[in-house]
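Observations on chain architecture
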Amino acid sequence: MSSGQKLTRFNSFSETVENIMKKLLPTSSSGSLPKPTWLAEPETLWSPWKLQNEELVSGKQDALRLSLQEQQHAGIDIVSDGEQTRQHFVTTFIEHLEGVDFEKRETVKIRDRYDASVPTVVGPVSRKKPVFVEDAKFLRQQTDQPIKWALPGPMTMIDTLYDAHYKSREKLAWEFAKILNQEAKELEAAGVDIIQFDEPAFNVFFDEVNDWGIACLERAIEGLKCETAVHICYGYGIKANTDWKKTLGTEWRQYEQVFPKLQQSNIDIISLECHNSHVPIELLELIRGKKVMVGAIDVATNDIETPEEVAATLRKALEFVDAEHLYPCTNCGMAPLPRDIATAKLKALHAGAEIVRAELTNE
Ligand SMILES: [Zn+2]
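All residue numbers refer to positions counted from 1 along the written sequence of the respective chain. Residue-level local features of this predicted model are given only where pLDDT is at least 70; pairs of side-chain atoms are given and counted only at 80 or more, and the full residue set underlies all totals for whole chains, interfaces and linings.

Side note on the overall build of the chain
A run of DSSP states H or I qualifies as a helix once it reaches four residues; a run of E qualifies as a strand once it reaches two. Both are numbered from the N-terminal end. The helix and strand inventory of the chain stands at 11 helices and nine strands. The globule rule is 2.2 Å times the number of residues to the power 0.38, and the radius of gyration it is compared with is taken over C-alpha atoms. Relative to a compact globule of 363 residues, whose C-alpha radius of gyration would be 21 Å, the chain shows 20 Å and is just as compact. Every C-beta atom is placed from the backbone, and the number of other C-beta atoms within 10 Å of a residue's own sets its class: buried at 20 or more, exposed at 12 or fewer, partly exposed in between. Counting over 363 residues, the chain shows a buried share of 44%. A pair of residues counts as a contact when their C-beta atoms, built from backbone coordinates, are separated by no more than 7 Å. Restricting the contact set of the chain to residue pairs at least 6 apart, pairs at least 24 apart contribute 78%.

Here it is in structure tokens:
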């Protein structure tokens, strides 16, 4: 390729990204999508890989390509890797770091909800080499559409570890924030348009979120020029989460505790669970001015939303979010769902957004 050709390609690249980002109600998924059955056991979290070594490397790339194609066929505007190269949204990132011993395990309570055997922080944590950057470059080669890349947030990372070194949640979160910032800067350089931090822990540890959780998140995005997002949900549709949801009563007001400070933060986009949740929609007023990824797809049921149901959720959100700030999305990742169900849900998301987009432009 001559440099002239490269330039043309680069220009058309950024034009596509810019056009889609300007489009009203651009759709995306919040992160993980089901993996093909030849790569990992379906409908399970932390599912072990079915391939090894070189076969695993190329298998992950093929899965990433498939996942991208499924998103494109469903009409999704902002695409992702569907987290095809990772076993788990938090653990896989931590596995690549120094200072954490995965053999030395302790039982802790995750998000104050369920016991799990977790690895131990045994020394200073650091990132010796990039974690997802090569995957992001590979995805960038496959598409001209805007790319969103998910990373775990600092507070959710510390919540899945036993800390025998720093002995301070805040100190460990701060160290992780610095590491995430290194990774995020390299993802940005690889052509990622939106970097998202997954922080389900923000729905649980309100005092810590306000004391230092949001500050850590701002440390993680320091110096980034691309868009940044924080995803705060009530978790995957796994039993521990659905049982916890049952204890929350008819009104889920967790977001109320952290929205005021998030509204003041440097984060561009806030990604939330809405459809079928008991979150009072008027809480969105507390983050007015921010871009909002509105969860219009329930990931805790195999029932496929109708486009009209998606549209109804988006219309409710529009009372509190300006149209140009609204990004229709899924409530959470869909990794534990059957693959055909997840694809059908993405199609419903696209079709529902089309209905409301047409209403907005005909006004
Ligand atoms: Zn989620």
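Read on, since the account is not over.
Section: the nonpolar core
Linking buried Ala, Val, Leu, Ile, Met, Phe, Trp, Tyr and Cys residues through C-beta atoms within 7 Å yields a set, and such a set is a nonpolar core. By size, the foremost hydrophobic cluster in this structure holds 98 residues, and its most contacted members are Trp149, Phe176, Val192, Val292, Val294 and Leu314. Sequence-distant contacts of Leu314, defined by excluding residues within four places in its chain, comprise Val294, Ala296, Leu326, Pro328, Gly352, Ala353 and Val356.

Details of the sheet that holds strand E9 (residues 326–329)
With parallel pairing, the six strands of this open sheet are ordered in space as E3-E5-E6-E7-E8-E9. This sheet does not close on itself; its edge strands, each paired only once, are strand E3 (148–152) and E9. With direction set aside, neighbouring strand axes in the sheet form an average angle of 25°. For two strands to be treated as a pair, DSSP must find no fewer than two bridges joining them. In the sheet, strand E8 (residues 291–295) pairs with E9 via four bridges, with the strands oriented parallel. What sits directly across from Val292, in E9, is Leu326. Axis definition: a line fitted to C-alpha atoms, over the contacting stretch in the case of helices. Angles run 0 to 180 degrees between N-to-C directions.

Examining the pairing of E8
Counting buried residues along E8, four of its five residues qualify, which places the element largely inside the surrounding structure. Bridging between strand E7 (residues 269–273) and E8 involves five bridges; their strand directions are parallel. Looking at the pairing, Ile269 lines up with Lys291 of E8. Traced from E8 through helix H10 (residues 307–318) to E9, the parallel crossover comes out right-handed. A crossover gets the label right-handed when its path from the first strand over the helix to the second runs clockwise, viewed with the strands pointing away from the viewer.

Focus on the pairing of strand E5 (residues 194–198)
Burial analysis of E5 places five of its five residues in the buried class, the great majority of the element. In E5, alternate side chains face the same way, and those of Ile194, Gln196 and Asp198 on one face and Ile195 and Phe197 on the other are all buried. Pairing of E3 with E5, which is carried by five bridges, proceeds in the parallel orientation. Its bridge partner being in E5, Ala150 is matched across the sheet by Gln196. Looking at chain direction, E5 and strand E6 (residues 227–232) are connected through five bridges and run parallel. Of the residues in E6, the one forming a bridge with Gln196 is Ala229. Handedness of the β-α-β unit built from E5, helix H7 (residues 206–220) and E6 comes out right-handed.

Quick notes on the confidence of the model for the chain
Confidence of the predictor at the level of single residues is captured by pLDDT, which takes values from 0 to 100. For the chain, per-residue confidence averages 93 on the pLDDT scale, and residues scoring 70 or more make up 96% of the total. Contacts of residues 1–11 to residues separated by more than four positions or lying in other chains number one contact, the stretch itself having pLDDT below 50.

Some remarks on the environment of Asn241
By secondary structure assignment, the location of Asn241 is in helix H8 (residues 239–246). You can call Asn241 buried: it has 20 C-beta atoms within 10 Å. For the pair formed by Asn241 and Pro280, sequence separation is 39 residues and the distance between their alpha carbons is 19 Å. In contact with Asn241, other than residues within four places in its own chain, are Tyr234, Gly235 and Tyr236.

With respect to the environment of Asp163
Within the secondary structure layout, Asp163 lies in strand E4 (residues 162–163). Once residues within four sequence positions are removed from consideration, Asp163 is found in contact with Val121, Ile158 and Leu172.

Things to note about unusual backbone geometry
One non-glycine residue, Asn53, lies in the positive phi region at around 50°. Tracing the sequence through the fold places Asn53 in helix H2 (residues 53–74).

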